[in-house]
Amino acid sequence: MKLKSERHGSVVVMGMKGKVMGGPDATVFRDELKNHLDDGIRKVVIDLGRVDWMNSSGLGILIGGLTTVKNAGGEMKLARTTDKIQSLLMITKLVQVFSTYETVEAAIAAFSE
Amino acid sequence: MSDEGKLIVPSDLAKLEEVDGFAENWMNGMPFTKDQRDDIAISLSEVVTNAIEHGNAGIVDKMVTVVLLRIEGGIRIEVTDQGGGFNPALVADPTDPENLLSESGRGLLIVHHLMDEVDVEPVSTGTRISLVKRFTASNTG
Ligand SMILES: Nc1ncnc2c1ncn2[C@@H]1O[C@H](COP(=O)(O)OP(=O)(O)O)[C@@H](O)[C@H]1O
Ligand SMILES: [Mg+2]
């Protein structure tokens, strides 16, 4: 997985790219998210549009992120979930847990002020 | 393209990419769709992760053996660890409301959805998980 973060005002968009699995990917994501929270960011969008595929470790990374951001008093949303990821969210019933948006712009616009 | 592929890796999650690349290469030219290739790659990553984390308990010099086989109408993947195995019937349901926010526990559920056959069996050296994917999609959902 490659991870790239971009600031859009008070929102950080973390773009995942490639194949998201366990091991090194989890550490990379956790460290980068922690940096954003340390910088005072409380609105996080995970852009999944360039993910080839993700396994259950990837879903665990997203759940961990959601919990961390919520515990810090923030909000995390998913943008551009691919068909494959959407089907994994259905199988695992995680559709109930995540807010998903078709575009990054829509996810950003959905944050409460 | 040979009919059988075999790769042996130590119990290190950093090896997942190597396993993925090996299988992707081996499947080259087979009549799978992009979607089916992703199903296989995801499922292989799940069972190899389990072999490393659970079967071999992360002990790096315990090995994981991946064997890829052409079978009639599809492929069979066999992943063998050096562990004591488990009873799939006793695995908790990750979709239970009380487990929904857990960071783990969804691997086998996903594999069962993405592959046509999943078998767990004890072998003399440990535990073997076998996965079958057919070229033509079956309607098992
Ligand atoms: N190769 C294995 N050896 C021993 N136990 C296993 C193996 N694969 C799976 N398991 C057991 O099945 C459980 C469920 O596996 P899985 O659905 O992949 O979830 P997770 O790996 O996130 O716990 C594991 O927690 C483990 O107890
Ligand atoms: Mg697992």
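Below: a short report on this structure. (Residues numbered from 1 in each chain as written. Chains lettered and ligands numbered in written order. Predicted model: local features only at pLDDT ≥ 70, side-chain atom pairs only at ≥ 80, totals over all residues. Heavy atoms only, no water.)

The helix and strand tally for chain B stands at three helices and five strands. The order of helices and strands in chain B, counted from the N terminus, is β-α-α-β-β-α-β-β. Taking 141 residues into account, the globule formula puts the C-alpha radius of gyration at 14 Å, and chain B, at 15 Å, falls close to it. For chain B, the spread of C-alpha atoms along the three principal axes comes to 40 × 35 × 25 Å. A burial count over chain B gives 44% of its 141 residues as buried. Long-range pairs, those at least 24 residues apart, make up 62% of the contacts in chain B between residues at least 6 apart in sequence. Working note: accessible area of chain B is about 7200 Å², and carbon and sulfur atoms make up 50% of it. Treating the 11 positive side-chain charges of chain B as one cloud and the 24 negative ones as another, the clouds have centres 5 Å apart. (Helix = DSSP H or I, 4+ residues; strand = E, 2+ residues; numbered from the N terminus. Rg over C-alpha atoms; globule rule 2.2 N^0.38 Å. Buried < 20%, exposed > 50% of the residue type's maximum accessible area, 1.4 Å probe, protein only. Contact = heavy atoms within 4.5 Å. Areas by Shrake-Rupley, 256 points an atom, 1.4 Å probe, with all protein chains shown as cover. Lys, Arg positive; Asp, Glu negative; His and termini not counted. Charge placed at Lys NZ, Arg CZ, Asp CG, Glu CD.)

Each partner contributes to the interface: chain A provides 23 residues, whereas chain B provides 25 residues. Together, the buried faces of chain A and chain B total about 2100 Å²; carbon and sulfur atoms form 65% of this surface. Among the residues chain A hides against chain B, the three largest losses belong to Trp53, Lys84 and Ile91 of chain A. Together they make up 28% of the total. Between chain A and chain B we count four salt bridges in total. (Buried area = accessible area lost by both parts, 1.4 Å probe. Salt bridge = Lys/Arg side-chain N within 4 Å of Asp/Glu carboxyl O.)

So, about the sheet that holds strand E5 (residues 100-101) of chain A. Strand order across the open sheet formed by five strands is E1-E2-E3-E4-E5 (chain A), with mixed pairing between neighbours. Two strands close off the open sheet at either side, each with one partner strand: strand E1 (2-8) and E5 of chain A. (Pairing = 2+ DSSP bridges.)

What follows concerns the sheet that holds strand E5 (residues 126-134) of chain B. All names here are of chain B. Taken in spatial order, the five strands line up as E1-E2-E3-E5-E4 in an open sheet, and their pairing is antiparallel. Of all strands in the sheet, those bounded by a partner on one side alone are strand E1 (4-10) and strand E4 (117-123). For this sheet, the mean inter-axis angle between neighbouring strands, taken without regard to orientation, is 15 degrees. Across seven bridges, strand E2 (residues 63-71) lies against strand E3 (residues 74-81) in antiparallel orientation. The residue of E3 that forms the bridge with Leu69 is Arg76. (Axes fitted to C-alpha atoms, helices over the stretch in contact; angles between N-to-C directions.)

What follows concerns the pattern of salt bridges. Tallied over the entire structure, the rule returns 12 salt bridges over all chains. Its salt-bridge partner being Glu18 of chain B, residue Lys15 of chain B comes within 3.3 Å of it at the nearest N-O pair. Across the pair Asp38 of chain B and Lys34 of chain B runs a salt bridge, and its minimum N-O distance is 2.8 Å. Taken together, the positions of Asp38 of chain B and Lys34 of chain B, both in helix H2 (residues 34-55) and four residues apart, correspond to about one turn of that helix. For Lys34 of chain B, a relative accessible area of 56% puts it in the exposed group. Through salt bridges with shared partners, one network takes in Lys84 of chain A together with Asp35, Asp39 and Lys133 of chain B.

All names here are of chain A. When you tally the buried positions in strand E3 (residues 43-54), you get nine out of 12 residues, the bulk of the element. Two elements, strand E2 (residues 11-20) and E3, share nine bridges in a ladder whose sense is parallel. Counted as the bridge partner of Val11 is Lys43 from E3. Taken together, E2, helix H1 (residues 24-38) and E3 constitute a β-α-β crossover, and its handedness is right-handed. Pairing of E3 with strand E4 (residues 75-79), which is carried by five bridges, proceeds in the parallel orientation. In the strand pairing of E4, Val44 is matched with Met76. Taking the sense of rotation as the criterion, the β-α-β connection linking E3, helix H2 (residues 56-71) and E4 turns out right-handed. (Right-handed = clockwise from strand over helix to strand, strands pointing away.)

All names here are of chain B. Around ligand 1, the neighbouring residues are Asn50, His54, Gly55, Asp81, Gly85, Phe86, Val91, Ser104, Gly105, Arg106, Gly107 and Leu108. Within the side chain of Asn50, an N or O atom sits 2.8 Å from an oxygen atom of ligand 1. The backbone of Gly107 places a nitrogen or oxygen atom 3.1 Å from an oxygen atom of ligand 1. Notes on ligand 1: free accessible area 540 Å², of which the protein chains cover 81%. Secondary structure elements with two or more residues in the shell around ligand 1: H2 and helix H3 (107-114). (Near = heavy atom within 4 Å. Polar contact = N/O pair within 3.5 Å; in protein donor to acceptor, adjacent residues only side chain to side chain.)

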